[in-house]
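# Structure at a glance
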Amino acid sequence: MTATSPTGNGDVPALDMDGLSRILFGHAAFQYLNAACELGLPDLIAEKDALTREEIRDVLGLQDRAADILLLGCTSLGIVVKEGGRYGLAQVVRDLMEEGDWQRFKDTVAFEQYIVYEGQLDFTDSLRENRNVGLRRVRGAGRDLYHRLSENPHLEQVFYRYMRSWSELANKHLVKELDLTGRSHLLDCGGGDAVNAIALAKANPGLQVTVFEIPASGAIAEKKVAQAGVGDQVSVVTGDMFQDPLPTGCDVVMFAHQLVIWTLEENTALMRRAYEALPAGGQLVIFNSMSNDEGDGPVVAALDSVYFAALPAEGGMIYSWAQHEECIHAAGFRTVKRIPFPGWTPHGVIVATK
Ligand SMILES: C[S@@+](CC[C@H](N)C(=O)[O-])C[C@H]1O[C@@H](n2cnc3c(N)ncnc32)[C@H](O)[C@@H]1O
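As recorded in an unreviewed UniProt entry, the chain goes by Demethylspheroidene O-methyltransferase and comes from Streptomyces lunalinharesii.

### Let's talk about the sheet that holds strand β8 (residues 336-340)
Strands sit in the order β5-β4-β3-β6-β7-β9-β8 across an open sheet of seven strands; the sheet is mixed. The open sheet terminates on both sides in strands that have one partner only, identified here as β5 (234-238) and β8. On average, adjacent strands in this sheet sit at an angle of 20 degrees to one another, irrespective of strand direction. Sheet topology places strand β3 (residues 185-189) next to strand β6 (residues 252-256); four bridges connect them, and they run parallel. If you follow Cys-189 over to β6, its bridge partner there is Phe-255. Taken strand by strand, helix α11 (residues 215-228) contacts β4 (208-213) and β5, and its axis lies near 170 degrees from that of β5.

### Considerations on the UniProt feature "domain: O-methyltransferase dimerisation" (unreviewed entry) in the chain
Following the UniProt record, one finds the feature "domain: O-methyltransferase dimerisation" (unreviewed entry) at residues 23-96. Here residues 23-96 is 70% helix and 11% strand, with 24 Å between the C-alpha atoms at its ends.

### Focus on the nonpolar core
Counting residues in each nonpolar core, the largest one holds 49 residues, and the members touching the most others are Ile-115, Phe-159, Phe-255, Met-271, Leu-284 and Tyr-307. Apart from residues no more than four positions distant in its own chain, Phe-255 is found in contact with Cys-189, Met-241, Leu-270, Ala-274, Leu-284, Val-285, Ile-286 and Phe-287.

### Considerations on the pattern of salt bridges
This structure, assessed with the given rule, holds 21 salt bridges. Put simply, Arg-86 and Glu-55 hold a salt bridge, and the shortest N to O gap is 3.8 Å. Of the two residues, Arg-86 sits in strand β2 (residues 86-89) while Glu-55 sits in helix α4 (residues 53-60), which places them 31 residues apart along the sequence. The exposure class of Arg-86 is partly exposed, given its relative accessible area of 35%. The partner of Asp-101 in a salt bridge is Arg-104, with the nearest N and O atoms 2.7 Å apart.

### What about the domain arrangement of the chain?
Quoted interface sizes are often the accessible area lost when the parts come together. Entries for the chain in the domain assignment read domain 1 (17-98) and domain 2 (172-353). Computed from C-alpha coordinates alone, the two centres of domain 1 and domain 2 are separated by 37 Å.

### Remarks on the packing of helix α7 (residues 102-119) against helix α9 (residues 153-177)
Two elements in contact, α7 and α9, have axes whose closest approach is 8 Å; the angle formed by their N-to-C orientations is 140 degrees. One element, α7, and the other, α9, form an angle in the oblique class. Crossing of α7 against α9: the hand is left-handed. Touching Arg-104, Asp-107, Thr-108, Ala-110, Phe-111, Tyr-114 and Ile-115 of α7 are His-154, Leu-155, Val-158, Phe-159, Arg-161, Tyr-162, Ser-165, Trp-166, Glu-168 and Leu-169, all from α9. The residue makeup of the contact of α7 with α9, split by class, is 10 nonpolar, three polar and four charged.

About the criteria used
- Residues numbered from 1 in each chain as written.
- Predicted model: local features only at pLDDT ≥ 70, side-chain atom pairs only at ≥ 80, totals over all residues.
- Heavy atoms only, no water.
- Pairing = 2+ DSSP bridges.
- Helix = DSSP H or I, 4+ residues; strand = E, 2+ residues; numbered from the N terminus.
- Axes fitted to C-alpha atoms, helices over the stretch in contact; angles between N-to-C directions.
- Contact = heavy atoms within 4.5 Å.
- UniProt positions renumbered as here; feature names shortened; annotations may be inferred.
- Core = buried A, V, L, I, M, F, W, Y, C linked by side-chain atoms within 4.5 Å.
- Buried < 20%, exposed > 50% of the residue type's maximum accessible area, 1.4 Å probe, protein only.
- Salt bridge = Lys/Arg side-chain N within 4 Å of Asp/Glu carboxyl O.
- Domains from an automatic or database assignment.
- Parallel < 35°, antiparallel > 145°, perpendicular 65-115°, else oblique.
- Left-handed = near helix turned anticlockwise from the far one by under 90°.
- Nonpolar A, V, L, I, M, F, W, Y, C, P; charged D, E, K, R; others polar.

Printed below as a string of C-alpha cells:
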C-alpha cells in the first residue's frame, strides 16, 4: 500500500488501487497466513534458514501445484522472501520468533480462523440490527459466546489458548506499569484462565488475587493456577459478575479484555458494581485494546471490532479511551489515569480511584 497524499484522517495514508485490492482479497491473504502457520512453513524455514521450492514441497508433503500456490501467496504477501532461488523468512516474522511471541501470534491466527471467521459473515446484519447476529453460527444454547464454549471443546481450547497469548502479548507492560504498592487484594473480574492474575501475583508477592469466572470456565483457571504454583496467592470464585455479589475484601478490581465485550451501559453497570465493592481509595483497572478518541484508528482496533460487533455478545467494540472514561465517571470514580502500551496491539490500561 503506497502512502502519498493526506486523507484528512490523521495519519491514515491515502488508499490506492493496490491497497483497495488488498482489502478486496483480505480474506484470501489471511488464508495464506493461516495455511502457512498450520502447515508449519515459517517454522520450517526458520529451522533451516533458507530452502528451495523442492525442499519445502517435500518436507511439507505437498504436491507441486499446492506448493506453487502456497509459495506464490506467501512470497507476494511478503511472509516469505525469495532470494537466489531460496525462500527465507520476512524480518517481521523473525523478530516475533526472536522475541518469543511467534507461538502467541499463531494462537491468534487460530482464533481468527476457527472462531472469528464464520461469525464475521454476519457483520453487516450485526450493524443493521445492532446486535451479534453471528453468534447463531456457534452451536449451543448459552446466552453469549463464553456460555457456549464448554459445549464446543475445540472452540474452547482455541479460545483460551488465544486469550492467554493475546494477554501475554501485552501483560508484561501491565505488570510493569500498574503500581500495586500498598494494595492487598485484587479481584480479576472475568479473569479467563487466570493468565493476568498469575502474572500480577508473581510480580507482587504480597498480593492476593481472586479470579471471578463463570462456572463453566472456573476449572480452566484453577488448573492454570495449580500449574503455575501460585495457589497460595490466587484463588478462583465462580459466579455471574452482572448478577451475583462480587467477592468482598478487595482493594483493586480489574477488568481485563472485558469491557470490549459489552455495551457502554453494561460497562457502566459493571463499574458501579466494582465501585460498590471497593473501599474509599480503592482502584479500578481496565486493561484491553483501545481505539483513539478521534475514531480513526489504530487499524488493529478497527479490525478487531468486527469480531466484537458480530460474535461474542450483544454489544461491544474496541471503545476509545474517552468512552471508557465517561463510563468510569458515570460510575462515580474520581481520578483517572491513561497508560498506552508500546507494541503492535493497541493495548493500554486505565486506572481510576474511588
Ligand atoms: C475475553 S475473555 C478475557 C479473559 C481474561 N480476562 C484475559 O484477559 O485473558 C472474557 C472472560 O469473561 C468471562 N465472563 C463472561 N461473562 C461473565 C460473567 N457474566 N461473569 C463472570 N465472567 C464472565 C468469560 O468466561 C471469559 O473467560
